[in-house]
Amino acid sequence: MAQCDRMEDSVVYADLHLPESVAKTENRPSPSGRKDAASKDNGHVTISCLRTTVTTLFILSFLLLISNIVLIILHFSQVKNESVLQVKLNEEKGKNLNLTSNQMLLQSQLDDVKQNFSMVNRKYEQLAGNVSRVRDEMCITPDNGTMCVFCPPAWKFFKNSCYLFSNEMQNWNNSRHRCLEMKSDLVIITDMDEMFFLGKGGDYWIGLTDQVVENSFRWVDGTSHDLNKTQFWSGGEPNNKDDKDPEGEDCVVLTFKFNDLSCSKENKWICEKKPIHFFT
Ligand SMILES: [Ca+2]
Ligand SMILES: [Ca+2]
């Protein structure tokens, strides 16, 4: 380049337009061969410098082009990566929304389960209380465990028997038949406690009759009733007296105590059967 600088100085100096007198002075007789040789040298240097400059500019332009291409590739690559990341971010946001929705649904279901569990637990406690009360009332404790008794619904338990008070009215035979249909029979009263428990007013047929032999009262299981036990009978009973029935009075009702009536009369009745026993 220093050479190209010197060449430029030479070119400028050669292009000067000096006055003719001066030019003549300058063109004083001198060896003409030296001047032509210098001009030729300056021309070669100029072309060489131009080639160098063009080549340098070309290389710089090429490098600049490559740099731009690389920058463009990097830019698009970055844009592509950002786009992929944005898609993944949107997918994660969608998944997060689904998870939030599922979490809310599960929380709601969990609350329902807790509420149901609480309700079931309350019912269990009520049932446990009922079972405990029934055990206290109906279970005895023999040596080999706790034995309980059970009467069907509507039947009342007293002293190892179940009793059913009817709501309808029938004659004595039909009343007994109704008890037999329920695998029971008309009640047999064997002691005063039982009579006082059952005698609550109103006439109820019981399983005592003298239809076979007058004045020989027998229970429905065939056992006899001792008429000397007068404490069971109302005053003046049994009197076998019914003006409308020539058969007299051969069937017994319990009011508060015993009384014989015509078997064809319709009254309510009391059935009796043994309870179910079970061990716990
Ligand atoms: Ca009689
Ligand atoms: Ca009577």
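Everything that follows concerns the structure shown earlier in this document.
Residues numbered from 1 in each chain as written. Chains lettered and ligands numbered in written order. Predicted model: local features only at pLDDT ≥ 70, side-chain atom pairs only at ≥ 80, totals over all residues.

Section: the overall build of the protein
Tallying secondary structure elements over the protein gives five helices and eleven strands in all. Residues classed as buried in the protein amount to 13% of the 280 residues present. Sequence separation of 24 or more characterises 60% of the internal contacts of the protein that already satisfy a separation of 6 or more. (Helix = DSSP H or I, 4+ residues; strand = E, 2+ residues; numbered from the N terminus. Buried ≥ 20, exposed ≤ 12 C-beta atoms within 10 Å, placed from the backbone. Contact = placed C-beta atoms within 7 Å.)

What about the environment of Gly236?
Here Gly236 lies in the loop between strand E7 (218-219) and strand E8 (251-254). Taking the C-alpha atoms as reference, Gly236 lies 8.9 Å from Asn259; in sequence the two are 23 residues apart.

A look at the sheet that holds strand E11 (residues 276-279)
Reading across the sheet, the three strands line up as E1-E2-E11 and stay open at both edges, with antiparallel pairing between neighbours. The sheet is open, and its two edges are formed by strand E1 (139-140) and E11, each paired on a single side. (Pairing = 2+ DSSP bridges.)

Quick notes on the pairing of strand E6 (residues 204-209)
Within E6, six of the six residues are buried, leaving the element largely enclosed by the surrounding structure. In this sheet, E8 lies alongside E6 in antiparallel orientation, the contact comprising three bridges. Residue pairing for E8: Thr209 is matched across the bridge by Cys251. Note: E6 against strand E10 (residues 268-273), two bridges, orientation parallel. Bridge pairing in E10 places Trp205 opposite Trp269. As paired elements, E6 and E7 share two bridges and run antiparallel to each other. Bridge pairing in E7 places Leu208 opposite Trp219.

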